[in-house]
Amino acid sequence: MNRILLLIARVARTWTLPISMSIGAGVYLLFYYTPALEGLSQWFAPIFEAILPLFMFLILYVTFCKVDFKKLAPVPWHWWMIAVQCILVGSITGAILFFGIRGKELILLESVLACIISPCAAAAAVVTLKLGGNLEQMTTYTFLSNLLCALLIPVCFPLIEPASQMTFWGAFSLIMQKVCLVLVVPMLLALLTKSLPQLRRFHQWLIHIPDLSFYLWGCSLMIVTGTTLRNIFHAGTSVLFLSLIGISGLVLCLFQYAVGRYIGRFFGTSIESGQALGQKNTAFAIWIAATYLHPLSTVGPGCYILWQNIINSIEIWKKGKYKA
């Protein structure tokens, strides 16, 4: 009996992300195909929308409690990741403008651009820690990536969608407000928790809970997966076009992880670089796509979150297999 429980626990630790996605997808499909649950789904919707930011706040707070803030500083591979992201964003934006792309082709490229231009996911630090990477370097890059995103979006998006009437400082300030709420506030709270002698015992208890931030991310992933399926099911376009967006997201995801890991080999940071370039803040990408681009372009980031977490699951499985 103990061996069975240990096996179940090992499987749960290794495959937390796909299990979370499967539960989120299963629950959404149950509500979608059961008309009797329509009222209940409408009742739960605002609750889940309120819970998701709370999960992200807790994930970052727990992660930042483990960070050595004295080691937060840019390192060479950070600038390589920033350069690659700028090149990719410039290439897609330039192609749209040079060839005058419109229609469904524009929507497809906008969905790809939203995935490229969005910042590194806050959960990338959680996965990096799980894979044995450097938490401080990853945390530093997360802040740099968000600042880069706040600079690139107000420059590129008005060129693609002039009707959006976006101003540089308006978009920049709005994005920075979100960055402060998502990243700065939990970091300051974690710093306070580490610094105050009255909270020392709580801090030690918190950081010694195994993989707490990772399991919190797994819980939030259930909600994100359900939201992704909702966007896909209500996209209002053909299955063929949705499939094309999904496949484009998969190719882009594999490409960004591969390029990140390749460059990271020269610095001994293949884990960190792969996560930095490959794992995106898709919730943010969906928001910027819905706010400034065509509504259908939100499907791209929605599919991307499934692909990146499948890749993360494989990497975690390989890491566990190697350790075993």
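Residues numbered from 1 in each chain as written. Predicted model: local features only at pLDDT ≥ 70, side-chain atom pairs only at ≥ 80, totals over all residues. Heavy atoms only, no water.

Engineer: Tell me about the overall build of the chain, residues and numbers included.
Structural biologist: Scanning the chain from terminus to terminus reveals 14 helices and zero strands. When the helices and strands of the chain are placed in sequence order, the string is α-α-α-α-α-α-α-α-α-α-α-α-α-α. Against the compact-globule benchmark of 20 Å for 324 residues, the chain has a radius of gyration of 20 Å, which places it among compact chains. If one aligns the C-alpha atoms of the chain with their principal axes, the spans along those axes are about 60 × 55 × 40 Å. Residues classed as buried in the chain amount to 48% of the 324 residues present. Within the chain, contacts between residues separated by at least 24 positions form 82% of all contacts whose residues are at least 6 apart in sequence. Working note: accessible area of the chain is about 16,100 Å², and carbon and sulfur atoms make up 71% of it. If you average the places of the 21 positive and of the 10 negative side-chain charges in the chain, the two averages end up 13 Å apart. (Helix = DSSP H or I, 4+ residues; strand = E, 2+ residues; numbered from the N terminus. Rg over C-alpha atoms; globule rule 2.2 N^0.38 Å. Buried < 20%, exposed > 50% of the residue type's maximum accessible area, 1.4 Å probe, protein only. Contact = heavy atoms within 4.5 Å. Areas by Shrake-Rupley, 256 points an atom, 1.4 Å probe, with all protein chains shown as cover. Lys, Arg positive; Asp, Glu negative; His and termini not counted. Charge placed at Lys NZ, Arg CZ, Asp CG, Glu CD.)

Engineer: Talk me through the UniProt feature "transmembrane region" (unreviewed entry) in the chain; I want residue IDs and the actual numbers.
Structural biologist: Here the UniProt feature "transmembrane region" (unreviewed entry) sits at residues 12-31, 43-65, 77-101, 107-129, 141-160, 166-193, 214-233 and 239-259. As annotated, residues 107-129 comprises 78% helix and 0% strand, and the C-alpha atoms at either end are separated by 35 Å. Helix makes up 100% of residues 214-233 and strand makes up 0%, while its end C-alpha atoms are separated by 28 Å. (UniProt positions renumbered as here; feature names shortened; annotations may be inferred.)

Engineer: Can you break down helix 2 (residues 16-32) residue by residue, with the values?
Structural biologist: When the terminal C-alpha atoms of helix 2 are compared, their 24 Å separation across 17 residues agrees well with the 24 Å that a helix rising 1.5 Å per residue should span. Looking only at helix 2, the buried set comprises T16, L17, S20, M21, G24, A25, Y28 and F31. Take helix 2 and look down its axis: the buried residues cluster within an arc of 160°, on one side only. (Expected span 1.5 Å × (residues − 1). Arc of directions from axis to C-beta.)

Engineer: I'd like to hear about unusual backbone geometry, residue by residue, with values.
Structural biologist: At D211, a residue that is not glycine, the phi angle is positive and equals roughly 55°. Counting through the fold element by element, D211 comes out in the loop between helix 9 (200-207) and helix 10 (212-233).

Engineer: Account for the nonpolar core, naming residues and giving values.
Structural biologist: By size, the foremost hydrophobic cluster in this structure holds 79 residues, and its most contacted members are F64, Y141, I153 and F157. Tallying contributions element by element places helix 7 (residues 135-160) first for this core, with twelve residues. Aside from chain neighbours lying at most four places away, what touches Y141 is W77, H78, M81, I82, Q85, C120 and A276. Within the second largest apolar cluster, ten residues are counted, among which are L108, I232, I245 and V299. (Core = buried A, V, L, I, M, F, W, Y, C linked by side-chain atoms within 4.5 Å.)

Engineer: Just give me the short version of the packing of aromatic side chains, but keep the residues and values in it.
Structural biologist: Tallied over the full model, the rule gives 16 aromatic pairs. Their ring planes at 90° and their centres at 5.0 Å tell us that F98 and F99 sit as a pair that is edge-to-face. A residue is classified by how much of its surface remains accessible, and F99, at 61% relative accessible area, is exposed. Ring centres 5.8 Å apart and planes at 35° place the aromatic pair F202 and W205 in the tilted group. (Phe/Tyr/Trp six-rings, centres within 6.5 Å; stacked < 30°, edge-to-face > 60°.)

Engineer: Hey, could you go over the packing of helix 4 (residues 76-99) against helix 11 (residues 239-265) for me, with residue numbers and the actual values?
Structural biologist: Two elements in contact, helix 4 and helix 11, have axes separated by 11 Å at closest approach and are oriented at 145°. Like other packed secondary-structure pairs, helix 4 and helix 11 cross with a definite hand, here right-handed. Contacts from W80, M81, V84 and L88 of helix 4 reach helix 11 at F255, Q256, V259, G260 and I263. Looking at the contact of helix 4 with helix 11 residue by residue, the class counts come to seven nonpolar, two polar and no charged. (Axes fitted to C-alpha atoms, helices over the stretch in contact; angles between N-to-C directions. Left-handed = near helix turned anticlockwise from the far one by under 90°. Nonpolar A, V, L, I, M, F, W, Y, C, P; charged D, E, K, R; others polar.)

Engineer: Give me the lowdown on the environment of S248, citing residues and values where you can.
Structural biologist: With respect to the helices and strands, the residue S248 is situated in helix 11. Accessibility expressed as a relative area gives 18% for S248, which makes it buried. C-alpha of S248 to C-alpha of E315: the two residues are 67 residues apart in sequence and 21 Å apart in space. The contact partners of S248, leaving out residues within four places of it in the chain, are L108 and V112.

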